[in-house]
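Fold and geometry: a report
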Amino acid sequence: MATLQAIKYSPGKLLVLDQLRLPHEHHYDEVSTAEEAFDSIRSMRVRGAPAIAIVAALGLAVELSNGACTASTAEDTVTYIESRLDYLKESRPTAVDLSNAITKLKQAVRDANVEGLAPAEARQTVLDTYLAIAEQLLAKDLENNTAIGTFGAAWLQQQYGATPERPISVLTHCNTGSLATSGHGTALGIVRSLHAQNLLKHAYCTETRPYNQGSRLTAFELVFEGIPSTLITDSMAAALMRLRRGDMAIGAVIVGADRVVRNGDTANKIGTYALAVLARHHGIKFVVAAPTTSIDLETETGDGIVIEERKREELTQISGAVVNADGTVDPNRTARVATADQRINVWNPGFDVTPHELIDAIVTERGTVVKGADGRFDFSKVLPERWRW
């Protein structure tokens, strides 16, 4: 099945799909410096925790490939790389994939074996080490997403006894598909896997205010791949669960994660918490799909997660392609319109934290984690190397 490609990389060149122009226009930005990677992430032309980490890592990789680092020694080269990574870390502070990737990249260049090498050769070894690890992040993410889809579909099939004759429907929030990752997706990857196995009756997606990642991106992916789907506003979720749960066999809400902490509390796009409350009230499973790179074992609870607050205009203004009088869309003409009185005060957190008590399962590339008898998530089986400090 053809899927969308948000990131195109070859050594020395990185192209990133401008998601602000979707669904009406496909345009790739060339990213060749850390500053361009930062701007792409911060402006949300690229978004999704895995994709953010990959673009940051590869953006710096291209910069290094093009000779931006003029350090003459291995030590100074490491210092340069670490300073650039520290800069990139500030582009989206809530998403833990980015900080985890940066930690991994820093450790790799520090551990590069330069003993006995001449200064120029040692410097190149550090650069080559960085490039190799950054490129591995891209390849590993696709592998992880495919595994998440397989594990998530299997768990839901077991919960409901789903078959091609008795498929289930699901609701998803924000965008967690190919556009948010290197391919396949996390939560939307589970939807894809269910569909591929003829276990999916229907997929519902929220528009995901205020940035409309659901209507702009997820709806686009679902239609692109021919998955039976329906778009709803965020405020319709409760009515959907109450009125259509039975006839549409709505079995789960499946979401992604920007950060999962040690007890299972999960930060994700604003509105996720409300969906978890609704799912619990209506007896619908609430599933988080997250690679282990999104799990932060150093933060004990969700109270320790820093929530990014975004600019007020995201709530009071909106941009889009112009609709002609005959109903056709003209992607070459865009307009920005006010949707609220511009004098109103605005509170615009980009994320909320769903308490672990409301989460039924957390699906990773290493398996599905459910709560034990004590009501707690235990990540020791999927993260044995990091579980004990």
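From a predicted model like this one, the values you see are computed outputs, not experimental measurements.

So, on to unusual backbone geometry. With the exception of glycine, most residues fall at negative phi, and the peptide bonds are largely trans. Put simply, Leu 22 and Pro 23 share a cis peptide bond, and its omega is 5 degrees. Relative to the helices and strands, Pro 23 resides in the loop between strand S2 (13-17) and strand S3 (28-30). With omega at 5 degrees, the peptide bond leading from Arg 209 into Pro 210 counts as cis. We note that Cys 174 has phi near 60 degrees; this positive angle belongs to a residue other than glycine. The residue Cys 174 is located in the loop between strand S4 (168-172) and helix H6 (187-196) in this model. Although it is not a glycine, Asn 198 adopts a positive phi angle of roughly 60 degrees. Positionally, Asn 198 belongs in the loop between H6 and strand S5 (200-206).

Take the UniProt feature "active site" (unreviewed entry) in the protein next. With numbering aligned to this structure, UniProt lists the feature "active site" (unreviewed entry) at Asp 258. In this fold, Asp 258 is placed in the loop between strand S7 (250-255) and strand S8 (259-261). In contact with Asp 258, other than residues within four places in its own chain, are Ala 49, Thr 94, Ala 95, Val 96, Asp 97, Ala 267, Asn 268, Lys 269 and Phe 351.

Take the pairing of strand S6 (residues 229-232) next. Taken together, the 4 bridges between S5 and S6 define a ladder with parallel strand orientation. By the bridge assignment, Cys 205 is partnered in S6 with Leu 231. Once the chain exits S5 it traverses helix H7 (residues 213-224) before rejoining the sheet at S6, and the crossover so formed is right-handed.

Moving on: the state of the cysteines. Considering all chains together, one arrives at 0 disulfides under this definition. With no disulfide of its own, Cys 174 lies closest to Cys 205 among cysteine sulfurs, the gap being 11 Å.

Here the focus is the side chain of Thr 354. Positionally, Thr 354 belongs in strand S14 (residues 351-354). A polar contact is formed between the side chain of Thr 354 and the backbone nitrogen of Tyr 273, at a distance of 3.4 Å. Not counting the four nearest positions on each side in its chain, Thr 354 is found in contact with Asp 265, Thr 266, Thr 272, Tyr 273, Ala 276, Phe 286 and Ile 359.

Now for the packing of helix H4 (residues 96-110) against helix H5 (residues 119-160). Between H4 and H5, whose axes approach to 9 Å, the crossing angle comes to 150 degrees. By the angle class used here, H4 and H5 are roughly antiparallel. Between H4 and H5 the crossing geometry is right-handed. From H4, Ala 101, Lys 104, Leu 105, Ala 108 and Val 109 reach across to H5, where they touch Val 126, Thr 129, Tyr 130, Ile 133, Ala 134 and Leu 137.

Formed by 52 residues in total, the largest nonpolar core has its most connected members in Ile 7, Leu 14, Leu 58, Ile 81, Leu 105 and Tyr 130. Among the secondary structure elements, those contributing two or more residues to this core are strand S1 (7-10), S2, helix H1 (34-42), helix H2 (49-65), helix H3 (74-89), H4, H5 and H7. With 12 residues, H2 is the single largest residue contributor to this core. Apart from residues lying up to four places away in sequence, Leu 14 is in contact with Ile 7, Lys 8, Tyr 9, Asp 29, Glu 30, Val 31, Val 55, Leu 58, Gly 59 and Val 62.

Further remarks concern the layout of surface pockets. Taken as a whole, the largest pocket spans an internal volume of roughly 760 Å³. Those elements that place two or more of their residues in the lining of the largest pocket are H2, H4, H5, strand S11 (295-296) and helix H11 (384-387). In terms of residue class, the lining of the largest pocket is built from 10 nonpolar, 8 polar and 12 charged. The volume enclosed by the second largest pocket comes to roughly 550 Å³. Lining the second largest pocket we find 22 residues, and of these Leu 20, Arg 216, Ile 318, Ser 319 and Gly 320 sit closest to its centre. Secondary structure elements with two or more residues in the lining of the second largest pocket: strand S12 (317-323) and strand S13 (329-338). Ranked by residue count, the leading element in the lining of the second largest pocket is S12, at 6 residues. When the residues that make up the lining of the second largest pocket are grouped by side-chain class, the tally is 10 nonpolar, 6 polar and 6 charged.

What follows concerns the sheet that holds S3. An order of S1-S2-S3 is seen for the 3 strands of this open sheet, with the pairing classed as antiparallel. With one partner strand each, in any of the chains shown, S1 and S3 form the two edges of the open sheet. With direction set aside, neighbouring strand axes in the sheet form an average angle of 20 degrees. The pairing of S1 with S2 spans 4 bridges and is classified as antiparallel. For Ser 10, the partnering residue across the bridge sits in S2 and is Lys 13. Sitting on the sheet, H2 touches S1 and S2, and the angle it makes with S1 is about 30 degrees.

Counting through the fold element by element, Glu 221 comes out in helix H7. Residues Glu 221 and Leu 188, 33 residues apart in the sequence, show an inter-C-alpha distance of 9.2 Å. Not counting residues within four places of it along the chain, the set of residues in contact with Glu 221 comprises Leu 4, Asn 175, Gly 177, Ser 178, Leu 179, Leu 188 and Arg 192. Side chain to side chain, Glu 221 and Asn 175 meet in a polar contact 3.0 Å long.

What counts, and where the lines are drawn
Residues numbered from 1 in each chain as written. Predicted model: local features only at pLDDT ≥ 70, side-chain atom pairs only at ≥ 80, totals over all residues. Heavy atoms only, no water. Helix = DSSP H or I, 4+ residues; strand = E, 2+ residues; numbered from the N terminus. UniProt positions renumbered as here; feature names shortened; annotations may be inferred. Contact = heavy atoms within 4.5 Å. Pairing = 2+ DSSP bridges. Right-handed = clockwise from strand over helix to strand, strands pointing away. Disulfide = S-S within 2.5 Å. Polar contact = N/O pair within 3.5 Å; in protein donor to acceptor, adjacent residues only side chain to side chain. Axes fitted to C-alpha atoms, helices over the stretch in contact; angles between N-to-C directions. Parallel < 35°, antiparallel > 145°, perpendicular 65-115°, else oblique. Left-handed = near helix turned anticlockwise from the far one by under 90°. Core = buried A, V, L, I, M, F, W, Y, C linked by side-chain atoms within 4.5 Å. Buried < 20%, exposed > 50% of the residue type's maximum accessible area, 1.4 Å probe, protein only. 1 Å grid on protein atoms, 1.4 Å probe; cavity = no way out; pocket = protein on both sides within 12 Å on 5 of 7 lines; lining within 4 Å. Points joined across faces, edges and corners; volume = space filled by probe spheres on them. Nonpolar A, V, L, I, M, F, W, Y, C, P; charged D, E, K, R; others polar.

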